[in-house]
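Structural overview
Take a look at the letters that make up each chain.
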There are 2 protein chains.
Amino acid sequence: MIIKIESDKNEFIKDVSKLQQKKYRNLTNQYLVEGPHLIKEALQAKVLKKLFFVNDIDFDFVDSYQVSEKVMKKLSSVESLQGIIGVCEKKSQVFLSDKILLLDNVQDPGNIGTLMRSAVAFGFNTIVADSSVDFYNDKVIRSSQGAVMKINLINMNILDFIERNPDYRYFVTDLRSNIFLEDHDLSYNKIGIILGNEGQGVSDDVIRSVSNSLKIRIQDMESLNVGVAGSIIMYEVYKRGIKL
Amino acid sequence: MIIKIESDKNEFIKDVSKLQQKKYRNLTNQYLVEGPHLIKEALQAKVLKKLFFVNDIDFDFVDSYQVSEKVMKKLSSVESLQGIIGVCEKKSQVFLSDKILLLDNVQDPGNIGTLMRSAVAFGFNTIVADSSVDFYNDKVIRSSQGAVMKINLINMNILDFIERNPDYRYFVTDLRSNIFLEDHDLSYNKIGIILGNEGQGVSDDVIRSVSNSLKIRIQDMESLNVGVAGSIIMYEVYKRGIKL
């Protein structure tokens, strides 16, 4: 039986809508996803817990609620409603993959989501970022195109992580480096790629703690977008791994 | 002498603020850039025509206006004012570079700007897109990080462009292709890379008109962000050109 909810004053709906805030996502270990594409991904990844929709849907889900437009608007974080929203649970972190992406103060949610998408596509199944980064922000989730459900996400200080995991070979991206990406041997069993802030790059503390640096060869521009730069590096690591 | 303008009702300011609209940008062949970084780029590229600022600046520019916060707000298209805005003129298109990027219905301004930035960085100094694409939209300009001033931008139907320029070797990105990027010989003197819409990819008409297709090898995701995919392909073409 599908439960119907008409009023956006409904206490249950009010509670669910609190998941738009980082505080409640952290408290409950849950987050919201919006639109048919992400709902499909959530079903496949077996992380969907509750489903809210306006018009009839063509599949069964046990914890389902048919809601009014008003309720959907209350739950949604975008202007143009997609008519379907789900509550997902964060996956617990059980492993560290051999290839890891580390984000040192990357700020833009679109960049973080894009990097997640590329990370999954190139086999970097763990992302580490400082605790200030909210991996479950709605913009991050949208740009990740569902990658958020397929990847191991760790909030930890980058320096602490490096210190506790010395068996990885870390590479820091640094525009002042004199070694180009293509000149590096990237065939390590365990590799960590460190990307920095959109404006300032990787912080000096982190650069000092890592012995290898690299940059991508470019012309006529100061730098690439960090989502692009990180993706190109992960592409190179992945491609060389395939060829071995 | 620097002219001072206090009122946002000033007719001249009203006229300049119209450049926030595509219609007036097309009419006047001018566009707005915001923030010290882009103003510096505009000065270097010699495309700056007028300068508006709130606080004193440490360089001379002939057509300068010191304005109130209110006026700056009227001219600005972002929430957090950067205190400096310039009017730039579009560069006239005089040449076709040997490496060209073609956008077949790429929609997101952030993606278009990011691709512009990567295109300049990897020597793709011409971008072609349908007339619906506005290269001088403020979001495009921001993500281009000044690349918009360094590149040849052409609004033309993609199919028409291909027909009129048969001396280029065109490659279409297509998830259904069975040839991977790294398996292609990309060492052509004249090469055109065609990217498609974020959701639908390159249109069937364009795919049919081009004999070469390629895709990037990925796992566990349907696709990459189009800005990332295009940048990886341009990186490969550039890298192989450098090695020759």
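Look up: the structure comes first, before these words.
Throughout what follows, the structure given in this document is the object of discussion. In this text, all values refer to a predicted model and were calculated from it rather than measured experimentally. (Residues numbered from 1 in each chain as written. Chains lettered and ligands numbered in written order. Predicted model: local features only at pLDDT ≥ 70, side-chain atom pairs only at ≥ 80, totals over all residues. Heavy atoms only, no water.)

1. Some remarks on the environment of Ser144 of chain B
Heads up, the rule is: In this text, helices come from DSSP runs of H or I with a minimum length of four residues, and strands from runs of E with a minimum of two, each type numbered from the N-terminal end. Whether two residues are in contact is decided by their heavy atoms: any pair within 4.5 Å suffices. Pairing of N or O atoms within 3.5 Å defines a polar contact, subject to two protein rules: one partner must be a possible hydrogen donor and the other a possible acceptor, and residues neighboring in sequence count only if both atoms are side-chain atoms.
Its location among the elements puts Ser144 of chain B in helix 6 (residues 138-144). Separated by 35 residues in the primary sequence, Ser144 of chain B and Pro109 of chain B have C-alpha atoms spaced 9.5 Å apart. Once residues lying within four places of it in the same chain are set aside, the contact partners of Ser144 of chain B are Met221 of chain A together with Gly113, Met116 and Arg117 of chain B. One polar contact links the side chain of Ser144 of chain B to the main-chain amide nitrogen of Val148 of chain B, over a distance of 3.3 Å.

2. A look at the nonpolar core
Side chains that are nonpolar tend, in soluble globular proteins, to be buried together. Stated precisely, the cut-off is as follows: The definition of a nonpolar core used throughout is a set of buried Ala, Val, Leu, Ile, Met, Phe, Trp, Tyr and Cys residues joined through side-chain atoms within 4.5 Å. When accessible area is computed with a 1.4 Å probe and restricted to protein chains, residues below 20% of their type maximum are described as buried, those above 50% as exposed, and intermediate ones as partly exposed.
Residues Met116 of chain A together with Met116 of chain B are the most contacted members of the largest nonpolar core, which totals 108 residues. Sequence-distant contacts of Met116 of chain B, defined by excluding residues within four places in its chain, comprise Ile127, Phe135, Val140, Ser144, Ala147, Val148, Ile151 and Leu153 of chain B.

3. Some thoughts on the pairing of strand 4 (residues 64-67) of chain A
Along any regular strand, the residues point their side chains to alternate faces of the sheet. All names here are of chain A. Selection rule: Here the rule is simple: two strands pair whenever DSSP picks up at least two bridges between them.
Burial along strand 4 is two-sided: Ser64 and Gln66 and Tyr65 and Val67, pointing in opposite directions, are all buried. Taken together, the 3 bridges between strand 1 (residues 3-5) and strand 4 define a ladder with parallel strand orientation. Looking at strand 4, one finds that Ile3 is bridged to Tyr65.

4. Focus on the sheet that holds strand 6 (residues 99-104) of chain A
Residues and elements named next belong to chain A. Going by this rule: For helices, the fitted axis covers only the stretch in contact; all axes are lines through C-alpha atoms, and the angles between them, taken along N-to-C directions, range from 0 to 180 degrees.
Reading across from one edge, 8-7-6-10-9-11 is the order of the 6 strands in this open sheet, with parallel pairing throughout. In the strand order of this sheet, the two ends are held by strand 8 (152-155) and strand 11 (212-214), each with one partner. In this sheet, neighbouring strand axes are inclined to one another by 25 degrees on average, regardless of whether the strands run parallel or antiparallel. With 3 bridges connecting them, strand 9 (residues 169-173) and strand 11 associate as parallel partners. Counterpart to Val172 in the pairing with strand 11 is Ser213.

5. What to know about the sheet that holds strand 2 (residues 30-34) of chain A
All names here are of chain A. With mixed pairing, the 5 strands of this open sheet are ordered in space as 1-4-3-5-2. The open sheet terminates on both sides in strands that have one partner only, identified here as strand 1 and strand 2. In this sheet, neighbouring strand axes are inclined to one another by 25 degrees on average, regardless of whether the strands run parallel or antiparallel. As paired elements, strand 3 (residues 48-53) and strand 5 (residues 84-89) share 5 bridges and run antiparallel to each other. Opposite Leu51, over in strand 5, you have Gly86 as the bridge partner. Its contacts with the sheet place helix 3 (residues 36-44) against strand 2, strand 3 and strand 5, and it is angled at close to 30 degrees to strand 5.

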